[in-house]
Amino acid sequence: MPLLDVRNLTIELDTPHGRVRALENVSLTLNAGEIHGLVGESGSGRSLLARAILGIPGPSWTITADRMMWDGNNLMAMSSKERRNLMGSDIAMIFQDPSGSLDPTQTIGRQLMPAMPKNPNIYFWKRRKYARLTAQKWLHKVGIKNPQQVMSSYAWQLSEGECQKVMIAMAVANQPRLLIADEPTSSMELSTQAQIFRLLSQLNQLQNVSILLISHELETLAQWCDHLSVLYCGQVMESGPTDDVIKQPYHPYTKALLDNMPGYSGIIGHKAIMPTLPGSAPALQHLPIGCRLGPRCPEAQKKCVYQPKLSHIKDRYFACHFPYHGDTPNDDSTA
Amino acid sequence: MQPVKVYQEDRIASPAKRVWITFSANPFALAGLWSISLLLLLTLFGPMIAPFAPETQDPRALLLPPSWDPSGTVTHFLGTDDLGRDIFSRLLYGAHLTFGMALLIVITALIIGFIIGSLSGMMRGLKSSILAHLLDSLLSIPSLLMAILVVAVMGPGLENVFWAVGIALTPQFVRSIHHSVHEELQKEYVTAARLDGANSLQVFWYVIMPNVWEVVIIQTTLAISAAILDIAALGFLNLGAQAPSPEWGAMVAQGMDNLLTAPWAVTIPGLAILFSVLAINLVGDGLRSALAPIRN
Amino acid sequence: MFAYLLRRLNLFLATSLVMIGVLFYATGLFPVERTYALTGIHAPTTSQLIQIEQDYKLDKHSGWQFIAYLQQRLSGNLGISVTSHQQVAEELRSVLPASFELATMAAIIAICLGVPIGVLASQSQHKLTQNTIMAITLTGYSVPVFWLGLYLSLWFGVDLGWLPISGQINLLYEIKPITGFMLVDTLLSKSEYGMSAFKDALLHIILPAMTLAVLPFTVVVRSTRSAMMNVMDQTYIRAAEARGMHTSTIILRHALPNALIPVLKHLGLMLGSFASYAIVVEMIFSWPGVGSWLVSGIYQRDYTVIQGGILAVALLIIFLSILIEVLHTVFNPLSRKDLYATR
């Protein structure tokens, strides 16, 4: 049984231009113990998806889904209180703006200590000390060399990388089973990025934390993830094991993404035009009907004004009427 | 054949237009704007439509209640005070004393504050901080104390209210304009404009000012409401407009003697003050929330 | 941090100096004899005249005169009152505590009621609740305070007869001033009527304090609301939610401390108008504080009282606003960020 199973999740936002489907029929399956990459351009609804899974929707959201199962329990049927409890213990999330995710008026220690797991066997007067020690232990585990000093500093005294490590420590201290990492390394240097990814991958191996890694960089995701899902404009384009997806993309969008990366498509001639899709991602209020890639897709035909169903071949899922392979797909609705 | 529109056309409104759209979507702010227009008209043409002169005393109609009271008459629509003066007419005449005076004071303070504030904002170092902080000390004297000081020097009277409230308001303009000019000056786009070869005057007028107008507008609405309240308070304390004057605060003070027998002589001018300040605050509030998305 | 405090102290001294300069200049403009305006002695004898000229260096250049004026005023010589022939400094000392008492009471009412209501307004999902709170505060912000005071005293004092409408305490009680704060003095007094006197003083302070509290209350509610709405949108609030903290815990631990910082700033900016309002309120309720003392001083053209009162109140406001700024820096680690960067 998958740890997280989302079927046909749709998120509608109320904007001044009317109600907009920011996320349309998104499906996502995440197995225990894997690192699942979610790739997409900014504005493709990655963060919305993450927040919807975690259960902290914005004020003007309408979320509908056929199924949203967490370890066999229906998330849609839970009360907000139950979901809050789940958030603290089972699902954790780190955000793309680590220094902004920490309260600027409190020291790191004061924020870290309440997030530490409580041990009911310890007398209450010793709990503070215990919490401090656990906090230090976790800071050490995420690779902070001077935990005591960090605990007494404010968020703005630390670098982005350190802040993100603190956030990770806070998130994993309660031993969650799923960690949602929403662009954990944006605006960081390459070496710090590598540190954070290595840390996440270690956590995945040692603590058996499943990770939903959200990013716009296909390269990094390809390097660290077991599974990949490709999102465009709020629709899932393709999903499958990383190696297979990289080796033979079925969906034109995935192919375009891969072609964009110079490393994967052979030598580029002198002054050759870099392969990209024509046009740019549409704004939320101007979404095309049917397959949202339609107007930009090299393979698009008349049929594409209808949204393709998510079909699958073995463990590869894709939503395209004209995928890059010879086999006839099995329609997912029968699976 | 008309081309098929694939995408709806999406005109991006100019900032002023967008402010107006957000502003007019707020019914309270719009009501405030209409009220202010009405007040402006009354300030200009009030004396023409007033049925009586403000000082006309009608000895046969002393302390007449407003017309909706059984014993009131329609000739004295809002009743009369203890000297038989028609309250409605006095209100109309008072509009240009209270409301018009407030506008005049704010405009003067705005001009002076704008000049000093933008000069000190554009300057650096000691000159700037002397100009800015010199007036900060005036800011610490509350407007009423300033008025008391002015009255002590020049004696009570409506002209002195002009100076008192004006001196109290100017530093606020200087301060807010200085701060926002100074803040904008630190930003990157100003550096970019300088690198394009803009001189200080161009930087000030074409680059910085469009981003400071909002502050000026908001500060102006705040200042008008403060000015009205101050003028009225001074009139009430008998330090501003003197006894026979139909200034609204002074009218409240004159009605005080008969507060128990003729409360309308106090209620009506008070309501007039409340109404005009409320209208201005509604507009100010609406403007602030309409400007907020642009400012951030 | 030390350099910062030094800078603030510097600002305080400079601002006070300019303020005293303004006062000195105004004293020269008073339409009476210079000696009379400075000391309050109407017809000085020859020896007094010589003394005054010596004290205020009236024979010298105006720069020297200012220094002498500064010396006299700062050493506590505020001259004598024209009407009561008492030392102005003495009178000031007797009226200041009453004003403090009133202002503190009003501030407590405003903050204790304003902050929770502001938080409520920011959290409420109901359009009606929000609009009601905003309408009430906007009206409270616009209402002329003298008119409001008159009506409150008319309703609660005259029509309903619940509360006394003038003075600090019923004149029948004889309370020896110890601290000057009537509420404290009545509690401290050994008299057998101490308790009932305290109750009486409490009843007396309710109306003026409520009237005076209207302005800071509305400012607190509005600024708390906007600051809370602003803070609740921040990432760290969402991060705290993602950690599974309860909404009430988040508000108390993270949102409120961050939101109260701008509220403090607004309170500091409001001090001047608060003082103006206090003067009017003291006049209406015949509260024996600085405000009514000053206003009666101006009615009687008591120039020394005017100078002394303005000096005291303005110095107090300068001091308080700088104190609030310092507190703002102390409570707001973010504003220390600048200091941190320049270290």
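Residues numbered from 1 in each chain as written. Chains lettered and ligands numbered in written order. Predicted model: local features only at pLDDT ≥ 70, side-chain atom pairs only at ≥ 80, totals over all residues.

Enquirer: Please give an account of the UniProt feature "domain: ABC transmembrane type-1" (unreviewed entry) in chain C that cites residues and values.
Expert: UniProt's feature table lists "domain: ABC transmembrane type-1" (unreviewed entry) at residues 96-328 of chain C, given in the numbering used throughout. Regarding residues 96-328 of chain C, the helix share stands at 80% and the strand share at 0%, and the terminal C-alpha atoms are separated by 26 Å. (UniProt positions renumbered as here; feature names shortened; annotations may be inferred. Helix = DSSP H or I, 4+ residues; strand = E, 2+ residues; numbered from the N terminus.)

Enquirer: Explain the interface of chain C and chain B to me, and be specific about the residues and the numbers.
Expert: Each partner contributes to the interface: chain C provides 37 residues, whereas chain B provides 37 residues. Of all the secondary-structure elements, those providing two or more residues to the side of chain C that touches chain B are helix H1 (2-29), helix H6 (127-142), helix H7 (145-159), helix H11 (247-284), helix H12 (290-299) and helix H13 (303-331) of chain C. With 8 residues, H13 of chain C is the single largest residue contributor to the side of chain C that touches chain B. Class assignment for the residues of the side of chain C that touches chain B results in 30 nonpolar, 7 polar and no charged. (Contact = placed C-beta atoms within 7 Å. Nonpolar A, V, L, I, M, F, W, Y, C, P; charged D, E, K, R; others polar.)

Enquirer: Can you explain the confidence of the model for chain C? Please cite residues and give values.
Expert: Predicted coordinates in areas of low pLDDT are best not read in detail. Residue and element names in this part refer to chain C. Residue-level pLDDT values for chain C average 84, and 97% of them are 70 or greater. The spread of mean pLDDT over the elements of chain C runs between helix H14 (residues 335-342), the lowest at 57, and helix H5 (residues 88-123), the highest at 89. The ipTM value of the predicted complex is 0.85, and its pTM value is 0.84. (pLDDT = per-residue confidence, 0-100.)

Enquirer: Requested: an account of the environment of Gly76 of chain C, with residues and values cited.
Expert: Along the chain, the position of Gly76 of chain C falls in the loop between helix H4 (62-74) and H5. Put simply, Gly76 of chain C and Arg34 of chain C are 42 residues apart on the chain and 19 Å apart in space, counted from C-alpha to C-alpha.

Enquirer: Break down the nonpolar core for me, citing the residues and quoting the values.
Expert: With 266 residues, the main nonpolar core has Ala147, Ile148 and Ala227 of chain B as its most contacted residues. Each residue touching Ala227 of chain B, except ones within four places of it in the same chain, is listed here: Ala102, Ile105, Val106, Val165 and Leu169 of chain B. (Core = buried A, V, L, I, M, F, W, Y, C linked by C-beta atoms within 7 Å. Buried ≥ 20, exposed ≤ 12 C-beta atoms within 10 Å, placed from the backbone.)

Enquirer: Help me get a handle on the UniProt feature "transmembrane region" (unreviewed entry) in chain B, residues and values and all.
Expert: Residues and elements named next belong to chain B. Within this structure's numbering, the places UniProt gives as "transmembrane region" (unreviewed entry) are residues 20-45, 93-119, 131-154, 215-241 and 261-283. As annotated, residues 215-241 has a helix share of 81% and a strand share of 0%, and its two end C-alpha atoms lie 31 Å apart. For residues 261-283, helix accounts for 87% and strand for 0%, while the C-alpha atoms at its two ends are 36 Å apart.

Enquirer: Can you break down unusual backbone geometry residue by residue, with the values?
Expert: Here the phi dihedral of Cys233 of chain A falls at roughly 50°; this positive angle occurs in a residue that is not glycine. Position of Cys233 of chain A among the secondary structure elements: in the loop between strand S10 (227-232) and strand S11 (235-241). Judged by the 25 C-beta atoms lying within 10 Å of it, Cys233 of chain A falls in the buried class. Even without being glycine, Arg301 of chain C reaches a positive phi, approximately 55°. Within the secondary structure layout, Arg301 of chain C lies in the loop between H12 and H13.

Enquirer: Got a sec to walk through the pairing of strand S5 (residues 67-70) of chain A? Specific residues and values, please.
Expert: Residues and elements named next belong to chain A. Side chains of S5 alternate between two faces, with Met68 and Trp70 buried and Arg67 and Met69 left unburied. Judged from the 4 bridges that link them, strand S1 (residues 4-15) and S5 form a sheet pairing that is antiparallel. Within S5, the residue paired with Leu4 across the bridge is Trp70. Direction of pairing for S5 relative to strand S6 (residues 73-74): antiparallel, over a ladder of 2 bridges. Its bridge partner lying in S6, Trp70 is registered against Asn73. (Pairing = 2+ DSSP bridges.)

Enquirer: Lay out the packing of H1 of chain C against H4 of chain C in plain terms, naming residues and giving numbers.
Expert: Residues and elements named next belong to chain C. It is the contact of H1 with H4, at a shortest axis distance of 11 Å, that shows an interaxial angle of 110°. Considering the angle they form, H1 stands roughly perpendicular to H4. For the pair H1 and H4, contact is made by Ile20, Gly21 and Phe24 and by Phe66, Tyr69, Leu70 and Arg73, respectively. Of the residues in the contact of H1 with H4, the class split is 5 nonpolar, 1 polar and 1 charged. (Axes fitted to C-alpha atoms, helices over the stretch in contact; angles between N-to-C directions. Parallel < 35°, antiparallel > 145°, perpendicular 65-115°, else oblique.)

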